[in-house]
Amino acid sequence: MVATESTIQTVKDIERYKYGFETDIESDRAPKGLSEDIVRFISAKKEEPEWMLEWRLKAYRHWLTMEEPQWASLHYPPIDYQDSYYYAAPKRREDGPKSLDEVDPELLATYEKLGIPLKEQEALAGVAVDAVFDSVSVATTYKKKLNDLGVIFCSISEAIREHPELVQKYLGSVVPQADNFFSCLNSAVFTDGSFVYIPKGLRCPMELSTYFRINEKNTGQFERTLIIADEGAYVSYLEGCTAPQRDENQLHAAVVELVTLDDAEIKYSTVQNWYPGDENGKGGIYNFVTKRAACRGRNSKVMWTQVETGSAITWKYPSCILQGDGSVGEFYSVAITNNRQQADTGTKMIHLGKNTRSKIISKGISAGRSEQTYRGQVRIAAKASGARNFTQCDSLLIGDQCGAHTVPYIESRNPSARTEHEATASRISDDQLFYCMQRGLSAEEAVGLIVNGFCKEVLQTLPMEFAVEAQKLVNISLEGSVG
Amino acid sequence: MSVVLSEIPVVTAATGLSPVLPGGHLPWLTGLRQAALAAFQQQGLPHRRTEAFKYSFAALGVVGKLDFVPALIAGDATLEALPAALPAFDGHKVVLLNGSYAPHLSDRAALPAGVEVQPLASLLARQPERLEGLLGSLVQYDEQPFAALASGLVDDGVVVLLEAGTVIDRPLHIVSITLTPGDAPVMAQPRLLIKAGAGSTATILESHVALGETETLSLPVAEILVEPNARLTHVKVRNDTARALHVASRTVKVLAGGIYQAFALSLGGAVARDDIAVELAGEQAEAHLNGAYAARDYQHMDTTIHMDHAVPNGRSSQVYKGVLADHGRGVFQGKVTVRKGAQHTDGQQLHKALLLSESAEVDVKPELKIYADDVTCSHGAACGELDDEALFYLRARGLDEATARDLLIEGFLDDVVEQVENDAIRTVLAGLVRAWLDARQEVA
């Protein structure tokens, strides 16, 4: 009997491999490893101008002198940077599954739970969609409308070719090439990402999302995103999606740069649900992300919201440099780790301008054997009179095998500035559980409800549709952690 | 990194020096000194990348730039009477001068039965076996290079042994005075070893004062064992002159049902760093660390705490308050660890700082490291200036600005000072806070 089961499992595994998301290794992939030649190869493939190549090479040469940071409380085997592919041409459509029938049923079940429409499921699973799937046309319609308003929304490669003056002015101005090990690597080899420019005074009428571009290209392993909100502009940008995403690249090192000028506002929401590895911690994405916003203008505002449920390793600190007087930085985060996941995430709020304000709300939920760290910094410079910070970090522990850590750094150099920091760690109380279960909820539903309540402050800052999906995602991420 | 200190003959030749130091004939003690010196040499002085000294390595850089001479070599300092800077306090008294026992200033006559207060050096000479396995058993040298250096040169200090069930009637006052005998900057390493036997109760006041106009470096190392159900109250007061450097290390282990209650008041000096590590090693153990500090001029004050909940049902709390005037800089790093299995832990921490000037700075790093789920842990940190409304309230009632401000600052600090249970000690502390404010007024 056992033997039969194992055979069935093997067959399933083979199927999964067959219809999974492996691409054939063909000529459109650069050889393994990293060298100046690879950097040149990427630049050439992207048909980049000379200055871009020089920029990449400068980053690469500096990267060679850097050491991988060890300060985060993350444990993973050493990464062999010569054992990765740094360039792969976009997947060809015919490589993907032909229809949803060929897609891993487990994945479909998850989509079902998230309530994702059928058409979108196809897109997410990488089904080769033709005219049937109208999101392409929807996207095209949107693009035209944005174009008419003067919004530039394209891939970073396109921007380098079409809008070099903007790219040259802002690229690397928030996250310099040599900022850190991973951002430096990204600067040398980034292959994809988005570029957004919102012109003066425009309130972008729709939420922009990488989602629109999903059929054009695969999101790369080294994404580079640059968003500029000119004076008085407003944009809400969504990154990622709630559906689990598979990717054969284990190492991800993205860089996101945001720039707001006077009175401008950017709202950047992320839902990250990359493959977290199995329950024993095998496989899973290593996600080393550098995200930073420069609030350059007076009264400008940046709001980071993140829901981090995926990845085996998360290393991510979306930050705000509050340069403009009266500028505002906000950071809302929900991080959920289960099984063997590890997350070291938080934010930096650097107050430079007068009357700058920042708010940090971080909710961490650790379950299983996972480890989670909130690492944050609030710095009030000597000239930041009247600056104000409020930080709240709450950790929820589910089970006695997980870990939750809080490491905030608070540096204040101005007497008229006020900083407040609070952190708590606790578990779901038996009383709460009993109360819910007495009213007919299963243990799992009860935990989902309580955890959703715990995260509510953060989830409600997400755009509506996203928030609904994120709530369901919270439940799914904690499956198997109780009972 | 310039580690002039390690080039001082006495440090490099310390192994050869060991026989000259008290208990130099004891292999275990020699081994302990050598291990400590090796730990110091391996770490060197803190630098930019030493996380534990992130905010204080620069201020402590002076240690590497000056040729501090160990008191042993600098020669004997003499002092006829206790200095005025020291809190006048009526109690049992042991005085250390540059880390060495000063009998003519001490008063151990009236100690009750069951309480033994011995100079370390004399105990090492007479009954070293009583210290073997106790001295150096608690202090850890990781990220504590100064404690390692001090342990490598350990020569004298105070040993307090409380027999099971004893109760000290009056507080025991342990005084440590640092004073340069000549012109060269002097370095001393007063050692404190306390073993509070099961069920004993005691209150200890530990005073540190540096005198004179020359730089002094005091490296006190304290090891404290609180045995089951013992209750130890430990108040530390530091009131140094402008050139004094003070880098203290304290390691405390509290066994089942034991209570360790500490308070620290930090005033004066150039740079002060207090490393306090507490391990709650038995169930129902408690540790409460409170403190207040006030820095002005270019003073730098750093308190670094590690509260380690190793077993279930422990309770800990920390409340620290700091006032930073002029170019004063305050640092507070407080870590609470809850180890795997340490369920039902209650760990709280609060740090508040008041910035009084444009040039003052405070850096806070509260940290939670939690590996158990059924716990209640929290920390809070707040920094800001005096509340405008409170100031207005007082001014509206006829107080002038300066008096109103002082009243608010005093109230801010008294809030923690009031937690000290012993009336006599609390009065001394409140007096020192008041004196600090008055001295500041005079300067203004």
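Residues numbered from 1 in each chain as written. Chains lettered and ligands numbered in written order. Predicted model: local features only at pLDDT ≥ 70, side-chain atom pairs only at ≥ 80, totals over all residues. Heavy atoms only, no water.

S.K.: Is there a simple way to explain the pairing of strand 16 (residues 357–367) of chain A in this structure?
M.R.: Regular strands show a simple pattern: their side chains alternate between the two faces of the sheet. Residues and elements named next belong to chain A. With nine of its 11 residues buried, strand 16 lies for the most part within the structure. Pairing between strand 16 and strand 18 (residues 388–398): 11 bridges, direction parallel. By the bridge assignment, K359 is partnered in strand 18 with F390. (Buried < 20%, exposed > 50% of the residue type's maximum accessible area, 1.4 Å probe, protein only. Helix = DSSP H or I, 4+ residues; strand = E, 2+ residues; numbered from the N terminus. Pairing = 2+ DSSP bridges.)

S.K.: In this structure, what is going on with the UniProt feature "domain: SUF system FeS cluster assembly SufBD core" (unreviewed entry) in chain B? I would like to understand it.
M.R.: The UniProt record marks residues 186–412 of chain B with the feature "domain: SUF system FeS cluster assembly SufBD core" (unreviewed entry), using the residue numbering of this structure. A helix fraction of 9% and a strand fraction of 61% characterise residues 186–412 of chain B, whose end C-alpha atoms lie 36 Å from each other. (UniProt positions renumbered as here; feature names shortened; annotations may be inferred.)

S.K.: Explain the interface of chain B and chain A here, please?
M.R.: Quoted interface sizes are often the accessible area lost when the parts come together. Of the residues lining the interface, 35 residues belong to chain B; the matching set on chain A comes to 31 residues. Between chain B and chain A the total buried area reaches about 2,800 Å² when both faces are included, carbon and sulfur atoms providing 46% of it. Our count for the contact surface shared by chain B and chain A stands at three salt bridges. Across the pair R427(A) and D373(B) runs a salt bridge, and its minimum N-O distance is 3.9 Å. Joining chain B to chain A, the criterion identifies 18 residue pairs in polar contact (both at pLDDT 80 or more). Of all the secondary structure elements, the ones that give two or more residues to the side of chain B that touches chain A are strand 21 (361–370) and strand 22 (376–384) of chain B. Ranked by residue count, the leading element in the side of chain B that touches chain A is strand 21 of chain B, at 10 residues. Broken down by class, the residue content of the side of chain B that touches chain A amounts to 15 nonpolar, seven polar and 13 charged. (Contact = heavy atoms within 4.5 Å. Buried area = accessible area lost by both parts, 1.4 Å probe. Salt bridge = Lys/Arg side-chain N within 4 Å of Asp/Glu carboxyl O. Polar contact = N/O pair within 3.5 Å; in protein donor to acceptor, adjacent residues only side chain to side chain. Nonpolar A, V, L, I, M, F, W, Y, C, P; charged D, E, K, R; others polar.)

S.K.: So what exactly am I meant to see when it comes to the domain arrangement of chain B here?
M.R.: Residue and element names in this part refer to chain B. When the domains of chain B are assigned, the result is domain 1 (5–282) and domain 2 (387–444). Inter-centroid distance (C-alpha atoms) of domain 1 to domain 2 is 31 Å. Each partner contributes to the roughly 1,000 Å² buried at the junction of domain 1 and domain 2, and carbon and sulfur atoms together form 83% of this total. On the surface where domain 1 and domain 2 come into contact, there are one salt bridge. Linking R231 and E421 is a salt bridge whose minimum nitrogen-to-oxygen distance equals 3.7 Å. The interface formed by domain 1 and domain 2 holds zero residue pairs in polar contact (both at pLDDT 80 or more) in total. Taken together, the elements giving at least two residues each to the side of domain 1 that touches domain 2 come down to strand 9 (201–210), strand 12 (231–240) and strand 14 (259–268). (Domains from an automatic or database assignment.)

S.K.: Please explain the pattern of salt bridges as it appears in this structure.
M.R.: Two side chains carrying opposite charge are able to pair once their charged atoms lie near each other. Applying the stated criterion to the full structure yields 39 salt bridges over all chains. Put simply, E51(B) and K365(B) hold a salt bridge, and the shortest N to O gap is 2.8 Å. Here the residue E51(B) occupies a position in the loop between helix 4 (27–43) and helix 5 (62–65), and K365(B) occupies one in strand 21, the gap between them amounting to 314 residues. Taken together, the shared-partner salt bridges connect R413(A), R329(B), E361(B) and D363(B) into one network.

S.K.: Teacher, can you tell me more about the packing of aromatic side chains here?
M.R.: For any two aromatic rings, the description comes down to two numbers: the centre-to-centre distance and the angle of the planes. In the structure shown here, the tally under the stated rule is 20 aromatic pairs over all chains. Judged by centre distance (5.1 Å) and plane angle (70°), the ring pair of F182(A) and W315(A) falls under edge-to-face. You can see F182(A) sitting in helix 9 (residues 181–189) and its partner W315(A) sitting in strand 11 (residues 313–316), a full 133 residues away along the chain. Residue classification places F182(A) among the buried positions, given a relative accessible area of 1%. Of the aromatic side chains, those joined through ring pairs into one cluster are Y60(A), W63(A), W71(A), Y76(A), Y81(A), F181(A), F182(A), Y286(A), F288(A), W315(A) and Y317(A). Seen from the ring of Y393(B), R397(B) lies directly overhead, with NZ or CZ sitting 3.7 Å from the centre. (Phe/Tyr/Trp six-rings, centres within 6.5 Å; stacked < 30°, edge-to-face > 60°. Lys NZ or Arg CZ within 6 Å of the ring centre and 35° of its normal.)

S.K.: Looking at this structure, how should I read the environment of I266(A)?
M.R.: All names here are of chain A. For I266, the location among the structural elements is in strand 8 (residues 265–272). I266 sits in the buried class, given a relative accessible area of 0%. Along the sequence, I266 and A229 sit 37 residues apart, while their C-alpha atoms lie 6.9 Å from each other. Ignoring any residue separated from it by four or fewer positions in sequence, one finds I266 in contact with I227, A229, V235, L258, V259, T260, K301, V302 and M303.

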